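# Coordinate inspection notes
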Amino acid sequence: MGALLAVLKPLAFVNSHLLRIGRGIGVVAVALMVVAILIQVVARYGFNNALPWPDEAARFCMLWMTGLMAPTAFRRGGFVAIDTLVIMLPKILASVLSVFLLCVSFVVLIVAVQIGYAEVTGFGGKFATASLYVPGNLTLTEWIRVPRSWMMMSMFVGVILLALVNVELILRSLISVIGGKDDLPGIPDIDMAGAD
């Protein structure tokens, strides 16, 4: 159990800090998404002139918000789950089932990391968005279209963070199975997700 805790504690520390940064960026992404949508609503219904870029900007922000916030929800137990079987099983069997399901999830996440990498570096990542531009230099005299790979990077980053959280949850479950639940480091703000 000491070896598992020695691996878990630094991983929990890294996850806590990475996810805190991700939540901060995710909050900014939500705010920018709301601003883009409001601009589009005002332009479309106030001035009868729909703009081409707010839809893509809002989608871009939504993807990044999802990729950066989902790992926090996963770590805090905020995902929707059907836990009827787990509640009906004896505690030790429920813990073993939990470890098994987390291992299956890890395999799925490894495949998703490969898919995310292929999306970023593959054929589709070589294209650019239709109407979303960013400055190409500091003087703002040149503007370039946002590459699609920047948008798809949200999936790649999000799945990597989910995999890190998954490994942490596997270690936590294994330590709990062998009786070390009291030695586990806490997950910050876990009560915010409504998990017990």
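Just so you know, these numbers come straight off a predicted model, no measurement behind them. (Residues numbered from 1 in each chain as written. Predicted model: local features only at pLDDT ≥ 70, side-chain atom pairs only at ≥ 80, totals over all residues. Heavy atoms only, no water.)

Now for the side chain of S131. In this structure, S131 sits in strand β1 (residues 128-135). Residue classification places S131 among the buried positions, given a relative accessible area of 15%. There is a polar contact of 2.9 Å between the side chain of S131 and the backbone oxygen of P52. (Helix = DSSP H or I, 4+ residues; strand = E, 2+ residues; numbered from the N terminus. Buried < 20%, exposed > 50% of the residue type's maximum accessible area, 1.4 Å probe, protein only. Polar contact = N/O pair within 3.5 Å; in protein donor to acceptor, adjacent residues only side chain to side chain.)

A few words on the nonpolar core. Grouped together as the largest cluster of nonpolar side chains are 15 residues, with contacts concentrated most on F74, L102, L109, V159, V165 and L169. Of all elements in the fold, only α4 (91-121) and α5 (148-177) reach the threshold of two or more residues within this core. With eight residues, α5 is the largest single contributor of residues to this core. Apart from residues lying up to four places away in sequence, V159 is in contact with L109, A112 and V113. By size, the runner-up hydrophobic cluster in this structure holds nine residues, among which are A29, M33, A57 and V146. (Core = buried A, V, L, I, M, F, W, Y, C linked by side-chain atoms within 4.5 Å. Contact = heavy atoms within 4.5 Å.)

Glancing now at α4. Between its terminal C-alpha atoms α4 stretches 45 Å, which fits the 45 Å expected from 31 residues at 1.5 Å a residue. Where α4 is concerned, the buried positions are A94, V99, L102, L109, A112, V113, G116 and V120. For α4, the secondary structure elements touched by its buried residues are α2 (53-75), α3 (84-88) and α5. (Expected span 1.5 Å × (residues − 1).)

Attention now goes to the packing of aromatic side chains. Enumeration over the complete set of coordinates arrives at two aromatic pairs. Between Y117 and F156, the ring centres sit 5.8 Å apart and the planes meet at 50 degrees, which makes this aromatic pair tilted. Residue Y117 is found in helix α4, and its partner F156 is found in helix α5; the two are separated by 39 residues along the sequence. Classification of F156 by relative accessible area gives buried; the value is 17%. (Phe/Tyr/Trp six-rings, centres within 6.5 Å; stacked < 30°, edge-to-face > 60°.)

Moving on to the pattern of salt bridges. According to the stated counting rule, one finds three salt bridges in the structure shown. A salt bridge links E119 to R148; its shortest N-O distance comes to 3.5 Å. One end of the pair, E119, is in helix α4; the other, R148, is in helix α5, with 29 residues separating them in the sequence. A relative accessible area of 29% means that E119 is categorised as partly exposed. Residue classification places R148 among the partly exposed positions, given a relative accessible area of 30%. One salt bridge connects R172 with E168, and the closest N-O pair in it is separated by 2.9 Å. Note that R172 and E168 are positioned in helix α5 at a spacing of four residues, about one turn of the helix. Judged by its relative accessible area of 8%, R172 falls in the buried class. With relative accessibility at 0%, the residue E168 sits in the buried group. (Salt bridge = Lys/Arg side-chain N within 4 Å of Asp/Glu carboxyl O.)

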